[in-house]
Amino acid sequence: MNAQVCMDRKWWKEAVVYQVYPRSFFDSNGDGIGDLKGITEKLDYIKSLGVDVVWLNPVYASPNDDNGYDISNYFEIMQEFGTMSDWEDLLAEMHRRGLRMIMDLVVNHTSDEHQWFVSSRASRESKYRDYYIWRDAEGGKRPNDWGSHFSGPAWTWDSQTEQYYLHLFTGKQPDLNWENEKVREDVFTMMRWWLDKGIDGFRMDTINMISKVPGFPSVSSVDDGKLHYAGRYFTNGPHIHDYLREMNEKVLSRYDIMSVGECPLVAPELAVEYTSPEAKQLNMLFQFEHMGVDHGIDNKWEGLELDLVKFKSIISKWQTGLHGRGWNSNYLMNHDQPRSVSRFGDDKEFRVESAKMLLTFLLTLEGTPYIYQGEEIGMINSGFTDISEYRDVEIINHNQEIKESGGDLEKALAAYARMGRDNSRTPMQWTAGKNAGFSTGRPWINLARSWKEINVEADLATPDSIIKYFKELVGVRKRNLCLVYGEYVHLLPDDSRLFIYRRLFEDESILVILNFSGEEVELYPGKGFDPDEPGRMKLGICNYPAPGTGSVKMIRPFEARIYWNQDK
Ligand code: GLC
Ligand code: CA
């Protein structure tokens, strides 16, 4: 394929996305909760990073059972976050600075307090009954053995109309029935309403779960009374491509916007079916394979040591699998994942080096990079030690379950400290002052323990600032289409400490060398890789302040280098 065809240039391919979790970004009125005005106040900061797009986690009206992922009114703003006019100001101020805004679209489910569900559950005759998924009891039992994502069964009995309703998440997040054409039309109307207000796209929450396997089969063939993870029955279901094509035709294709779908249980071949231009569905998606390398299958609380060889092979498979066919989204964390430095780097001795190394990784792959608030200053996990510090419904429900079953609470607490979602949801650390400069009031969730040392002000005051390094990386990516569109070639695939790859584009060749370990590693020959090659190339970027004192071949702990075959 020639370079031109491969490229198919699009603004959303060349963009760098910065994710803002509104509840924890900046609080403008001292109630301890981040808000829209707070984001507006910090737009100059966001703009200064050089990013192009801001993804806002849900800001719609919500009783907050799952921090806004349970929407009670799609056309209103959550009171704690401000008003519609605050939101309009935010959008206008973003656009004025040349920043685009993408909003979260949560349409696999609503809140149980949404009018549709209130009416749906009121009577079997309601015109909204079929907006949700209702089933009779099977011999006095639940319709199947599916567990919900946040502990307990995926079905809740409603005594008023004597049926069960389906909820893949909490009981306060009933699943919409996408087979109902009226549901689809109402969702599309709502999407157009926001797009007509000027937003630049959607991040679609668990979007590949909207089509379920008919008949809702049980996972286990024997009725063992246990709950099971039923991902294969509710992800990538039989009508998923029809629904997304319809959404694309009726909504997305009518605007110059971007779309990214959150899609667990997707392999590259299927990702092409979702994201190729011919598919006419999504621009790109968030896959989860690389998020699974350090924990048990379907069990994130069971920690495993990070297997770098496996991690590299997954990334490489996605890089080559989508090249010229679909489009990747690259991320190492978000509001559902722990802090990337704590997970993939070293949050103690080499915090600064590893934070920069991981950013180098994100910005040198093919695909759109997503950075989460605080990643640009190397924020680390919360350090929470007491269950009372947690706010996440996933953790609270899990803990309840462990308590009831007499499980090991100490072990559970250690698992939350490592993998819990609240690790990334603690307030953004702006200064070493009161509440890290996030709020004048008591924050809704404790600050991460390390806020005094790790904050924007402190980072910018150091010569080896992570923010400054990040800006440099963003600049380099913008000036080099090779980093956006170039072909990816993986080198030394079996090495368990180094991650080395090339990017090739026309006559340009870029070599990226990353050390994912805390040890110094010497380069050695491998298929297609000559350790003397870096010595013949031009070093463009390095995350260590001074060049190595030893030989060019010695890669220092968590070192990152980008080399060019030509002057840049
Ligand atoms: C997605 C969101 C997550 C939420 C879940 C249910 O995974 O990212 O935060 O809890 O969907 O909406
Ligand atoms: Ca506030």
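All of these numbers come straight from a predicted model, not from anything done at the bench.

1. Notes on the overall build of the chain
Helix and strand counts for the chain come out as 20 helices and 22 strands. Along the first, second and third principal axes, the C-alpha set of the chain runs to 75 × 55 × 50 Å. Considering the chain as a whole, with its 568 residues, one finds that 61% of them fall into the buried category. Considering only intrachain contacts with a sequence separation of at least 6, the fraction spanning at least 24 residues in the chain is 70%. When the accessible surface of the chain is totalled, it reaches about 21,800 Å², and 49% of it is carbon and sulfur. The centroid of the 65 positive side-chain charges in the chain is displaced by 2 Å from the centroid of its 87 negative side-chain charges.

2. Some thoughts on the domain arrangement of the chain
Taken as a whole, the chain is organised into domain 1 (3–107 + 181–223 + 235–384 + 424–466), domain 2 (115–166) and domain 3 (486–564). When each unit is reduced to the centre of its C-alpha atoms, the spacing between domain 1 and domain 3 is 29 Å. Counting residues at the interface gives 25 residues for domain 1 and 28 residues for domain 3. Taking both sides of the interface into account, the surface hidden between domain 1 and domain 3 amounts to around 2,200 Å²; carbon and sulfur atoms contribute 73%. The interface formed by domain 1 and domain 3 contains 0 salt bridges. In this assembly, domain 1 and domain 3 are joined by 9 residue pairs in polar contact (both at pLDDT 80 or more).

3. Digging into helix α13 (residues 351–363)
For α13, with 13 residues, the first-to-last C-alpha span of 18 Å sits near the 18 Å given by 1.5 Å per residue. With 13 of 13 residues buried, α13 is to be regarded as a mostly interior element.

4. A few points about the coordination of the calcium ion (ligand 2)
Of the protein atoms, only D27 (OD), N29 (OD1), D31 (OD), I33 (O) and D35 (OD) coordinate the calcium ion (ligand 2), at distances of 2.2 to 2.4 Å. Written as a sequence motif, the donor residues of the calcium ion (ligand 2) are D-x1-N-x1-D-x1-I-x1-D. In this structure, D27 and I33 share a single accessibility class: buried.

5. Some thoughts on helix α10 (residues 268–275)
Judged by how many residues are buried, α10 sits mostly within the fold: 6 of 8 residues are covered. Burial in α10 covers these residues: P268, L270, A271, V272, Y274 and T275.

6. A few points about the nonpolar core
Counting 153 residues, the largest nonpolar core has W87 and F361 as its most contacted members. When residues in this core are grouped by element, the largest group, 8 residues, is from α13. Non-local contacts of W87, meaning those with residues more than four positions away in its chain, are made with L36, L56, V59, I77, M101, M103, W194, K197 and I199. Counting 16 residues, the second-largest nonpolar core is a separate cluster that includes I133, W155, L168 and V219.

7. Some details on the site of ligand 1
D66, D205, E262, H335 and D336 are the nearest of the 14 residues found near ligand 1. With respect to ligand 1, the side chain of D66 contributes an N or O atom lying 2.5 Å from an oxygen atom. Against a free-state accessible area of 310 Å², the protein chains account for coverage of 96% of ligand 1. Residues of the shell around ligand 1, tallied by class, amount to 3 nonpolar, 4 polar and 7 charged.

8. A short note on the packing of aromatic side chains
Tallied over the entire structure, the rule returns 43 aromatic pairs. Centroid distance F350 to F558: 5.9 Å. Interplanar angle 45 degrees. Geometry classified as tilted. A residue pair is termed long-range when its members are at least 10 positions apart, and F350 in the loop between α12 (340–344) and α13 and F558 in the loop between β21 (554–555) and β22 (560–564) qualify at 208 residues. There is no split in this pair, since F350 and F558 are both buried. Taken together, Y60, Y74, F75, W87, W116, Y128, Y131, W193 and W194 form an aromatic cluster joined through their ring pairs. Seen from the ring of W193, K197 lies directly overhead, with NZ or CZ sitting 4.9 Å from the centre. In this arrangement the basic side chain of K300 is found over the ring face of W301, its NZ or CZ atom lying 5.0 Å from the centre.

9. Notes on unusual backbone geometry
The backbone phi angle of S151 is positive, close to 75 degrees, even though this residue is not glycine. Along the chain, S151 falls in the loop between β6 (134–135) and β7 (155–158). Backbone geometry at F216 places phi at a positive 45 degrees, although glycine is not the residue there. Turning to its location among the elements, F216 is positioned in the loop between β9 (201–204) and α8 (231–234).

10. A look at the environment of H398
One can find H398 in helix α14 (residues 393–404). Residue classification places H398 among the buried residues on the basis of a relative accessible area of 13%. Between the C-alpha atom of H398 and that of Y416, which follows or precedes it by 18 residues, the distance is 9.8 Å. Not counting the four nearest positions on each side in its chain, H398 is found in contact with S151, W301, A412 and Y416. One polar contact links H398 to Y416, side chain to side chain, over a distance of 2.7 Å.

What counts and how
- Residues numbered from 1 in each chain as written.
- Chains lettered and ligands numbered in written order.
- Predicted model: local features only at pLDDT ≥ 70, side-chain atom pairs only at ≥ 80, totals over all residues.
- Heavy atoms only, no water.
- Helix = DSSP H or I, 4+ residues; strand = E, 2+ residues; numbered from the N terminus.
- Buried < 20%, exposed > 50% of the residue type's maximum accessible area, 1.4 Å probe, protein only.
- Contact = heavy atoms within 4.5 Å.
- Areas by Shrake-Rupley, 256 points an atom, 1.4 Å probe, with all protein chains shown as cover.
- Lys, Arg positive; Asp, Glu negative; His and termini not counted.
- Charge placed at Lys NZ, Arg CZ, Asp CG, Glu CD.
- Domains from an automatic or database assignment.
- Buried area = accessible area lost by both parts, 1.4 Å probe.
- Salt bridge = Lys/Arg side-chain N within 4 Å of Asp/Glu carboxyl O.
- Polar contact = N/O pair within 3.5 Å; in protein donor to acceptor, adjacent residues only side chain to side chain.
- Expected span 1.5 Å × (residues − 1).
- Donors = N, O, S within 2.8 Å, 3.2 Å for Na, K, Ca; no water.
- Core = buried A, V, L, I, M, F, W, Y, C linked by side-chain atoms within 4.5 Å.
- Near = heavy atom within 4 Å.
- Nonpolar A, V, L, I, M, F, W, Y, C, P; charged D, E, K, R; others polar.
- Phe/Tyr/Trp six-rings, centres within 6.5 Å; stacked < 30°, edge-to-face > 60°.
- Lys NZ or Arg CZ within 6 Å of the ring centre and 35° of its normal.

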